[in-house]
Amino acid sequence: MDRIMLLRAMCTVLIQEELQNQHQRRRHVWYLRLIRASHIQSRTIYCRTNLSVPVLDRFYNQEDTRPDFRLSRESLAVLLNLLDQDRRHGWGATIEILVFIFWLASGASYRVVSRVFGMPRSTVHTIVHRVTEEVVAIRHQVIHLPKTPEDLEAVSRGFAGVARHRAFLKAVGAIDGCHIRIKCPSGPDGQCYRNRKLFPSIILQAVCDHQGCFIDTYVGWPGSVHDSRVLRHSPLYRQSVYPPPGHFILADGGYPCLQRVGAQRFNSHHSRARSIIERALGMMKTRFRAIFLQALEVHHTFVPHVVTACAVLHNICLSAGDIVAPMDEPEEDGAEDGEGEAGLEAVSGARWRDQLSSEVSALEEVPPDHDYC
């Protein structure tokens, strides 16, 4: 009898333990479903551990996002809306975008970012590359040429206002290039990336409107290539879709043989109008100074994607009123001597220059608040 009672007691204990385990499993499944439901309803909470991260705690508590991410809360909202990613796996779209923006803003290594957000380094690497491609994929929604005649007229009137002269009513863009520092690629081709300043780089060619908003970007050529060659191979030049006939894009390069008073006045107006592209590049470099003022610690084939993403974010910030003042820095990209420059000017630049110079000489300077019509 004692043996039977002992077996019954043991069976009772085992049954009770099994029932408790089943109850706990049901509670765990219910909890997971609750978390999943909250993920679908709200895009702000994805993982319980995220709320203990100081960077995310400041973000979710509606604190200023610019110290951590270099973007205002309004700019981040525009970016989230444009990407419109509702991931039901991983860390979620909001967390991944914040990881990517933090990496851009800080220029930190994947290891450092992984410690900040409390996630594996391999996950940070995957997130940075994935979100970079997603931002690059929407570039045509953010970086585009004027779409309507009204948009084109607004740009041209804007440049005339910036130049303070009606002769620039046909200007519809300003173009310039800058060198992006990179780690020198290994192998014999690595020397091709060393520019005239002797540091390895790739070239960003950008065109902006009168407000400093990029309307075209072209990035990827090695730093040793002349700006004129980059221009000749860019889609903007090869496809000949912009500027429209009768209009022109402002560029640097100097006018060495012009000594008349009219030419000096022209150079002054031209410099005013063209400086907008320098300010636009300066604002982007200031916002992402960790990216542009030191060598990017990524493979050189990934650098064009990162730079394009920065240009997209620059336009998003301008649209959201999130403007930073460009900081003063040494001039790197002055006029260069080399192949192709004289040939390009002989095609059409000299005629435009002489025509504009004569118009500036003939017309009086117009106040900046004048309504050009």
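Each residue is numbered by its place in its chain's sequence as written, counting from 1. With pLDDT at 70 or above as the cut-off, local features in this predicted model cover only qualifying residues; side-chain atom pairs require 80 or more to be listed or tallied, and sums for whole chains, interfaces and linings still use all residues. Excluding hydrogens and water, the side-chain values take into account all heavy atoms of the structure.

K.L.:
Explanation requested: the pairing of strand 1 (residues 171-181) in the structure shown.
P.N.:
For a regular strand, the rule is simple: side chains alternate between the two faces of the sheet. Working definition: with a 1.4 Å probe on protein chains only, accessible area under 20% of the residue-type maximum means buried, over 50% means exposed, and in between means partly exposed. Helix and strand definitions here come from DSSP, where helices need a minimum of 4 consecutive H or I residues and strands a minimum of 2 consecutive E residues; each element is numbered from the N-terminal end. With 10 of 11 residues buried, strand 1 lies mostly within the body of the structure. For two strands to count as paired, DSSP must find a minimum of two bridges between them. In this sheet, strand 4 (residues 248-250) lies alongside strand 1 in parallel orientation, the contact comprising 2 bridges. Residue alanine 174 lies in a different strand from strand 4, and its bridge partner there is leucine 250. In terms of strand pairing, strand 1 meets strand 2 (residues 201-208) through 8 bridges, oriented antiparallel. From the neighbouring strand, arginine 181 faces strand 2, where its bridge partner is serine 201.

K.L.:
I keep staring at the pairing of strand 2 and nothing clicks. Help me out?
P.N.:
In terms of burial, strand 2 is a largely internal element, 8 of the 8 residues being buried. Residues Ser201, Ile203, Gln205 and Val207 point to one face of strand 2 and Ile202, Leu204, Ala206 and Cys208 to the other, with burial holding for every one of them. Two strands pair when backbone bridges link them, and strand 2 and strand 3 (residues 214-222) are joined in this way by 7 bridges, in the antiparallel orientation. Considered in strand 3, the bridge of cysteine 208 is made with phenylalanine 214. With antiparallel pairing between neighbouring strands as the criterion, strand 2 and strand 3 make up a hairpin whose turn holds 5 residues, including glycine 212 at a positive phi of roughly 85 degrees.

K.L.:
What should I look at first to understand the nonpolar core in this one?
P.N.:
Within soluble globular proteins, side chains that are nonpolar generally end up buried alongside one another. Core analysis: the biggest nonpolar cluster contains 75 residues, and Phe100, Trp103 and Phe214 have the highest contact counts within it. If you tally residues by element for this core, the top one is helix 14 (residues 303-319), at 10 residues. Each nonpolar core is a collection of buried residues, namely Ala, Val, Leu, Ile, Met, Phe, Trp, Tyr and Cys, held together in the definition by side-chain atoms within 4.5 Å. Grouped together as the second largest cluster of nonpolar side chains are 7 residues, Leu152, Val172, Val207 and Leu236 included.

K.L.:
Please clarify how the environment of phenylalanine 69 should be interpreted in this entry.
P.N.:
Mapped onto the secondary structure, phenylalanine 69 falls in helix 3 (residues 66-69). Taking the relative accessible area as the measure of exposure, phenylalanine 69 reaches 1% and is therefore buried.

K.L.:
In this structure, what is going on with unusual backbone geometry? I would like to understand it.
P.N.:
The phi angle of most residues is negative, glycine excepted, and most peptide bonds adopt the trans form. In this structure, proline 243 follows tyrosine 242 across a cis peptide bond, with omega equal to 5 degrees. In this fold, proline 243 is placed in the loop between helix 11 (235-238) and strand 4. With a phi close to 65 degrees, arginine 70 is a non-glycine residue in the positive phi region. Considering the arrangement of structural elements, one finds arginine 70 in the loop between helix 3 and helix 4 (73-83). Given a relative accessible area of 24%, arginine 70 falls into the partly exposed group. Positioned with a positive phi, arginine 164 is a non-glycine residue whose angle comes to about 60 degrees. With respect to the helices and strands, arginine 164 occurs in the loop between helix 9 (149-163) and strand 1.

K.L.:
Looking at this structure, I do not really get helix 7 (residues 121-137). What am I missing?
P.N.:
For an α-helix, 3.6 residues make a turn, and residues three or four places apart therefore share a direction. A helix is expected to span 1.5 Å multiplied by its residue count minus one. For helix 7, spanning 17 residues, the distance from its first C-alpha to its last is 24 Å, which sits close to the expected 24 Å at 1.5 Å a residue. Those residues of helix 7 not exposed but buried are Thr123, Val124, Ile127, Val128, Val131, Thr132, Glu134, Val135 and Val136. When checking whether two residues touch, look at their non-hydrogen atoms; a contact exists if any pair is within 4.5 Å. Looking at the buried residues of helix 7, the elements they touch are helix 4, helix 5 (93-106), helix 6 (110-117), helix 8 (139-142) and helix 14.

K.L.:
Explain the confidence of the model for the protein to me, please; I cannot follow it from the model alone.
P.N.:
Close inspection of predicted coordinates is inappropriate for parts of the model with low pLDDT. What pLDDT expresses is the predictor's confidence in each residue, scored from 0 to 100. In the predicted model, the protein carries a mean pLDDT of 79, and 69% of its residues have values of at least 70. At the level of individual helices and strands, the protein shows its lowest average pLDDT in helix 15 (residues 341-362), which scores 52, and its highest in helix 14, which scores 97. In this model, residues 37-49 is a region of pLDDT below 50 whose contacts with residues beyond four sequence positions or in other chains number 19 contacts. In this model residues 337-348 is a low-confidence stretch, pLDDT under 50, and it forms 19 contacts with partners more than four residues away in sequence or in other chains.

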